[in-house]
Amino acid sequence: QKIITLEDVNIHYGSFHAVKDASLPIYEKQVTAFIGPSGCGKSTVLRSINRMNDMIRGATIDGQVLFHGQDLYAKDVDPVLIRRSIGMVFQKPNPFPKSIYENITWGAKINGFKGDYDELVETSLQKAALWDEVKDKLKQNALQLSGGQQQRLCIARTLAVQPEVILMDEPASALDPIATGRIEELILELKQYYTIVIVTHNMGQASRVSDNTAFFMVDEGRTGYLEEYAPTEQ
Ligand code: ADP
Ligand code: ADP
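Starting afresh in each chain, residues are numbered from 1 along the sequence in its written order. Following the order in which they are written, the chains are lettered starting with A and the ligands numbered starting with 1. Local features in this predicted model are restricted to residues of pLDDT 70 or higher, and side-chain atom pairs are both shown and tallied only at a pLDDT of 80 or more, whereas totals for entire chains, interfaces and linings draw on every residue. Hydrogens and waters are ignored; side-chain quantities use all the structure's heavy atoms.

- Looking at an unreviewed UniProt entry, one finds the protein named Phosphate ABC transporter ATP-binding protein, with Sphaerochaeta halotolerans as its source organism.

## Things to note about the nonpolar core
Inside soluble globular proteins, nonpolar side chains tend to come together where they are buried.
Item 1. By convention a nonpolar core is built from buried Ala, Val, Leu, Ile, Met, Phe, Trp, Tyr and Cys residues, the set being connected through side-chain atoms within 4.5 Å. Burial classes follow relative accessibility: with a 1.4 Å probe on protein chains only, a residue under 20% of its type's maximum area counts as buried, one over 50% as exposed, and anything between as partly exposed. Ranked by size, the top nonpolar core spans 37 residues in total, and within it Leu125 and Ile155 carry the most contacts.
Item 2. With five residues, the top contributor of residues to this core is helix H7 (residues 177–190).
Item 3. Setting aside chain neighbours within four positions, we find Leu125 in contact with Ile100, Ile104, Leu130, Trp131, Val134, Leu138, Leu153 and Ala156. Strands here are runs of E lasting at least two residues and helices are runs of H or I lasting at least four, both read from the DSSP assignment and numbered beginning at the N terminus. When checking whether two residues touch, look at their non-hydrogen atoms; a contact exists if any pair is within 4.5 Å.

## Overview of the side chain of Gln205
Item 1. Topologically, Gln205 is positioned in helix H8 (residues 203–209).
Item 2. With residues up to four places along the chain from it excluded, the contact list for Gln205 reads Ala172, Thr180, Glu184, Ile198 and Thr200.

## Some points on the side chain of Asn53
Item 1. In this structure, Asn53 sits in the loop between helix H1 (42–49) and strand S4 (59–67).
Item 2. Classification of Asn53 as buried rests on a relative accessible area of 4%.
Item 3. Within the structure, the side chain of Asn53 is placed 3.1 Å from the side chain of Arg47, a separation counted as a polar contact.
Item 4. Setting aside residues up to four positions removed in sequence, Asn53 forms contacts with Ile11, Tyr13, Thr44, Arg47, Ser48 and Ala59. Whenever two N or O atoms come within 3.5 Å, that pair is a polar contact, provided that in protein one can donate a hydrogen and the other can accept it, and provided that, for residues adjacent in sequence, both atoms are side-chain atoms.

## Quick notes on the environment of Ile26
Item 1. With respect to the secondary-structure elements, Ile26 resides in strand S2 (residues 16–27).
Item 2. The exposure class of Ile26 is buried, given its relative accessible area of 0%.
Item 3. Note: C-alpha distance between Ile26 and Ile196 (170 residues apart in sequence) is 8.7 Å.
Item 4. For Ile26, the contacting residues outside a window of four places in its chain are Gln1, Lys2, Ile3, Ile4, Thr32, Phe34, Thr195 and Val197.

## Observations regarding the site of ligand 2
Item 1. Definition of nearness: a residue and a molecule or strand are near each other if at least one heavy atom of the residue lies within 4 Å of the molecule or strand. What surrounds ligand 2 is the set Lys127, Glu189, Leu190, Tyr193 and Tyr194.
Item 2. A distance of 2.8 Å separates an oxygen atom of ligand 2 from a polar atom in the side chain of Tyr193.
Item 3. Within the contact set of ligand 2, a nitrogen atom lies 3.3 Å away from a side-chain nitrogen or oxygen of Tyr194.
Item 4. Using a 1.4 Å probe, accessible areas were evaluated by the Shrake-Rupley method; residue-level cover was limited to the displayed protein chains. Notes on ligand 2: free accessible area 550 Å², of which the protein chains cover 40%.
Item 5. Residues were grouped as follows: Ala, Val, Leu, Ile, Met, Phe, Trp, Tyr, Cys and Pro as nonpolar; Asp, Glu, Lys and Arg as charged; and all remaining residues, including Gly, as polar. For the shell around ligand 2, the class distribution of residues is three nonpolar, no polar and two charged.

## Focus: a negative patch on the surface
Item 1. Distance thresholds for patches are 9 Å for like charges and 5 Å for nonpolar side chains (Val, Leu, Ile, Met, Phe, Trp, Tyr), applied to residues having over 30% relative accessible area and no salt bridge. Throughout this description, the term salt bridge denotes a Lys or Arg side-chain nitrogen within 4 Å of a carboxyl oxygen of Asp or Glu. The positive count covers Lys and Arg only, the negative count covers Asp and Glu only, and His and the chain ends enter neither. Charge positions are represented by NZ for Lys, CZ for Arg, CG for Asp and CD for Glu. Taken together, the side chains of Asp116, Asp118, Glu119 and Glu122 define an acidic patch exposed on the protein surface.
Item 2. Given the relative accessible area of 43%, Asp116 is considered partly exposed.

## What about unusual backbone geometry?
Item 1. One non-glycine residue, Lys29, lies in positive phi territory at about 55 degrees.
Item 2. Along the chain, Lys29 falls in the loop between S2 and strand S3 (31–35).
Item 3. According to the relative accessible area criterion, Lys29 is partly exposed, its value standing at 44%.
Item 4. Despite not being glycine, His68 shows a phi value in the positive range, around 50 degrees.
Item 5. Tracing the sequence through the fold places His68 in the loop between S4 and strand S5 (70–71).

Rendered as structure tokens:
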């Protein structure tokens, strides 16, 4: 089942043509990996999926990104709502310099969440495989956690706003091998419930976690393009 379709997506930064004619499907509750050399446009394409490129000065996009068949760039679409359904996790863990508890509740508060906040914190941290490590120090500043814990907290923070899709831009490349392994295990656990797109430059990681792989390349003018889309070779 396709949840997202990119159709002839072209992205410019000012006059620079960063990505040319990218078309690919994203299947529901699968992991899609974007792989390719540095500068081939993986992050740029990833950010087009939740309109994060809107926040980059000079970035323009042509073509279509369909989410449940709806064009995400249509005039009546609110990018804030899109980013709620299509969450994002970055390369460098970026928890708010606040308590672990507040990191989780922040997005829910903005969204006017009326449920039980304690329960939201516990379930979100459990889904991110962090609860047991932090349940006795929820009031502690998130920046005191290890890098790997901070990244799982960022994943928990994203899960707390109930997304359908999670975009991950090299989520483990700032982490040590043990923390990386934990993130990979977590991705395999989460894909039962969520659709995941992960940018990685690590072929081994792509083969361990993904179902489908989009290989990007870059031409002589430094424009990125999709070279191949295929089931991941395990
Ligand atoms: P990748 O994720 O594959 O390393 P990126 O999507 O980050 O590639 O970058 C693709 C190309 O777009 C590169 O040439 C990069 O220098 C350029 N680029 C990325 N972000 C910006 C930006 N904000 N402004 C201008 N050029 C950018
Ligand atoms: P079962 O129905 O088999 O009892 P649960 O729904 O209780 O399974 O969940 C099993 C595991 O999956 C638990 O570790 C739980 O934390 C995790 N889990 C449940 N719902 C989600 C979700 N939406 N996202 C990520 N993990 C989840």
